[in-house]
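So the chains spell out like this:
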Amino acid sequence: MEFSAKQIASFINGRVEGDENATVNSFAKIEEGKKGAISFLSNPKYIHYIYDTESTIVLIDSNLEIEKPVKATLIRVDNAYECVAKLLQLYESYKPKKKGIDPLASISPSATIGEDVYIGPFACIGDGASIGDGTQIYPHTVVGDGATVGSNCLLYPNVTIYHDCKVGNNVTIHAGAVIGADGFGFAPGPEGYDKIPQIGIVTIEDDVEIGANTCIDRSTMGSTVIKKGVKLDNLIQVAHNVEVGENTVMSAQVGIAGSTKIGSWCMFGGQVGLAGHIHIGDRTSLGAQSGVPGNIKGNQTLIGTPPMEPKAYFKSQAIFRKLPEMYREINELKKQLEELKNK
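Here we summarise the structure given alongside this text. (Residues numbered from 1 in each chain as written. Predicted model: local features only at pLDDT ≥ 70, side-chain atom pairs only at ≥ 80, totals over all residues. Heavy atoms only, no water.)

1. Re the layout of surface pockets
This is how it is decided: Think of a 1 Å grid over the protein atoms and nothing else: a 1.4 Å probe that fits but is trapped marks a cavity, an open set flanked by protein within 12 Å on at least five of seven lines marks a pocket, and residues with an atom within 4 Å of a point count as lining. Grid points are joined across faces, edges and corners, and a volume is the space filled by probe spheres set on the points. Numbering of helices and strands starts at the N terminus; helices are DSSP runs of H or I of at least 4 residues and strands are runs of E of at least 2.
The calculated volume of the largest pocket comes to roughly 910 Å³. In this structure, the largest pocket is lined by 25 residues; those nearest its centre are Q89, E92, L154, T172 and E209. With 7 residues, the top contributor of residues to the lining of the largest pocket is helix α2 (residues 80–93). Roughly 190 Å³ of internal volume is contained in the second largest pocket.

Below, the structure written as structure tokens:
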């Protein structure tokens, strides 16, 4: 499907510079541009590519200054990065959705299946499970007994949703994710560790996206909760009884210990680790590899272990690199002081 520069500009409220009838049918990075593709430029350090790119159309920020002529048709917008996201969503919406139930799928007679559902080969839908309208379930995915999956969800291959867990509407779960495995609960005894049964569930609200091989554990009692609009990257561990607030986002390899409560609109970088039974306030941003041992009030940007303000953290790191030299200097001063004392 082709779109003209004029049509694209109308959709994203942009302003065309060049041929408004130029058409595109694909996307490309600006440095890998090709005829018939649309690219974008939002980071000024890549501006040199705009003069040589072969892309037919390039989205740029309205305040970006172009110093010499370019071959591509330009569309100026307030935020090029945001606009290309909208265009990619539009492009994705035109792709045909899979429908129909493969004869190799295993579906319990007591399961409820909505309309326009796709269930791929070797997928398994358990007793009393419910699948909403327009949901797509790819091969080898398991929806356990009594589990609920809402409408217009997308479950990629090898997703496992354990018994009785609840998934809302418009949820995407990527390959290998596990929803509702037992929380890590063991009581030490005289002869080893006694398992504490995990009788709760996981509740995932609407508009959530969960990355590949991410694990969200079921609660000991009650529910582990992932609230509306949360976006989780790949390889994240969410322990039992955790609550993640609305529109919070987390990068890969974040680990959250049990019973921690996280506010809304938080942002966690890769490999952030949170201790259990703590509270993280709304709009908290944590830099990559931050280790959080205690509560954090909201509306802060922090980094490090324990977390501190970025300016203080980078000052501390500068001093840390000098510690060996400082250690030698202190030892030398101690020797000189002893010599003075002896005199």
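2. Topic: the pairing of strand β22 (residues 186–189)
Using the following cut-off: When DSSP finds at least two bridges between two strands, those strands are taken to pair.
Alignment of β22 against strand β23 (residues 192–195), held across 4 bridges, turns out to be antiparallel. What sits directly across from F186, in β23, is K195. The turn linking β22 back onto β23 is made up of 2 residues.

3. Quick look at the sheet that holds strand β18 (residues 160–161)
The strand order β9-β12-β15-β18-β21-β26-β29-β32-β35-β38 describes an open sheet built from 10 strands, whose pairing is parallel. A single partner strand is all that each edge strand has here, and the edge strands are β9 (106–107) and β38 (291–292). Alignment of strand β12 (residues 124–125) against strand β15 (residues 142–143), held across 2 bridges, turns out to be parallel. The residue of β15 that forms the bridge with I125 is V143.

4. Brief notes about the sheet that holds strand β20 (residues 172–173)
Ordered in space as β8-β11-β14-β17-β20-β25-β28-β31-β34-β37-β39, the 11 strands form an open sheet in which the pairing is parallel. Of all the strands in the sheet, the pair left with one neighbour each is β8 (100–101) and β39 (300–302). With 2 bridges connecting them, strand β31 (residues 249–250) and strand β34 (residues 267–268) associate as parallel partners. Bridging from a neighbouring strand, M250 pairs with F268 of β34.

5. Comments concerning the state of the cysteines
Keep this limit in mind: Throughout, a disulfide means two cysteine sulfur atoms within 2.5 Å of one another.
Considering all chains together, one arrives at 0 disulfides under this definition. The closest cysteine sulfur to the non-disulfide-bonded C165 is located on C215, 12 Å from its own sulfur.

6. Examining a nonpolar patch on the surface
Under the convention used in this document: The patches reported here contain residues having more than 30% relative accessible area and no salt bridge. Joining distances are 9 Å for like charges and 5 Å for nonpolar side chains (Val, Leu, Ile, Met, Phe, Trp, Tyr). Here the Shrake-Rupley method, with its probe set to 1.4 Å, supplies the accessible areas, and only the displayed protein chains count as covering residues. By definition, a salt bridge exists where a carboxyl oxygen of Asp or Glu is found within 4 Å of a side-chain nitrogen of Lys or Arg. Only protein chains enter the calculation, and the probe is 1.4 Å; a residue is then buried if its accessible area is under 20% of its type maximum, exposed if over 50%, and partly exposed in between.
Side chains of I319, F320, L323 and M326 sit close together on the surface and give an oily, nonpolar patch of about 380 Å² of accessible area. Within the residue set of the nonpolar patch, elements represented by two or more residues are α3 (310–321) and α4 (323–342). When you line up the elements, L323 lands in helix α4. By relative accessible area, L323 is classed as partly exposed at 39%.

7. Quick look at the pairing of strand β7 (residues 73–77)
In terms of burial, β7 is largely enclosed, as 5 of its 5 residues are buried. Sheet topology places strand β2 (residues 15–17) next to β7; 3 bridges connect them, and they run antiparallel. Pairing of V16 across the sheet is with I75, part of β7. In the sheet, strand β6 (residues 57–61) pairs with β7 via 5 bridges, with the strands oriented parallel. In the sheet register, V58 faces β7, and the bridge partner there is L74.

8. A look at the packing of aromatic side chains
This is how it is decided: Pairing of aromatic side chains requires ring centres within 6.5 Å, counting the rings of Phe and Tyr and the six-membered ring of Trp. Pairs whose planes differ by under 30 degrees are stacked, by over 60 edge-to-face, and all others tilted.
Summed over all chains, the structure comprises 8 aromatic pairs. Seen in terms of ring centroids, F27 and Y91 are 5.4 Å apart; in terms of plane orientation they differ by 75°. Their pairing is edge-to-face. Here Y91 lies in helix α2 and F27 lies in strand β4 (residues 26–27), a separation of 64 residues in the sequence. Relative accessible area serves as the criterion here: at 28%, F27 is assigned to the partly exposed category. The exposure class assigned to Y91 is partly exposed, which follows from its relative accessible area of 39%. Pairwise contacts between aromatic rings join Y118, Y138 and Y156 into one cluster.

9. With respect to the environment of G100
Filter applied, for reference: The contact criterion used throughout is that any non-hydrogen atoms of two residues lie within 4.5 Å.
For G100, the position within the fold is in strand β8. For the pair G100 and I330, spaced 230 residues apart in the sequence, the C-alpha separation amounts to 75 Å. Not counting chain neighbours up to four residues away, the residues in contact with G100 comprise V117, Y118 and I119.

10. Thoughts on α2
Basically, it comes down to this: Expected helix span is taken as 1.5 Å per residue step, with the number of steps being one fewer than the number of residues. Note that the arc is defined by the directions from the helix axis to the C-beta atoms.
Spanning 14 residues, α2 covers 20 Å between terminal C-alpha atoms, matching the ideal 20 Å at 1.5 Å per step. Along α2, the positions that sit buried rather than exposed are A80, C83, V84 and L87. Considered in projection along α2, the buried side chains sweep an arc of 100° and stay on one side of the axis. Every exposed residue of α2 that faces more than 90 degrees away from the buried side is listed here: Y81, Q89 and S93. Buried residues in α2 make contact with α1 (5–12), β4, β5 (37–41), β6 and β7.

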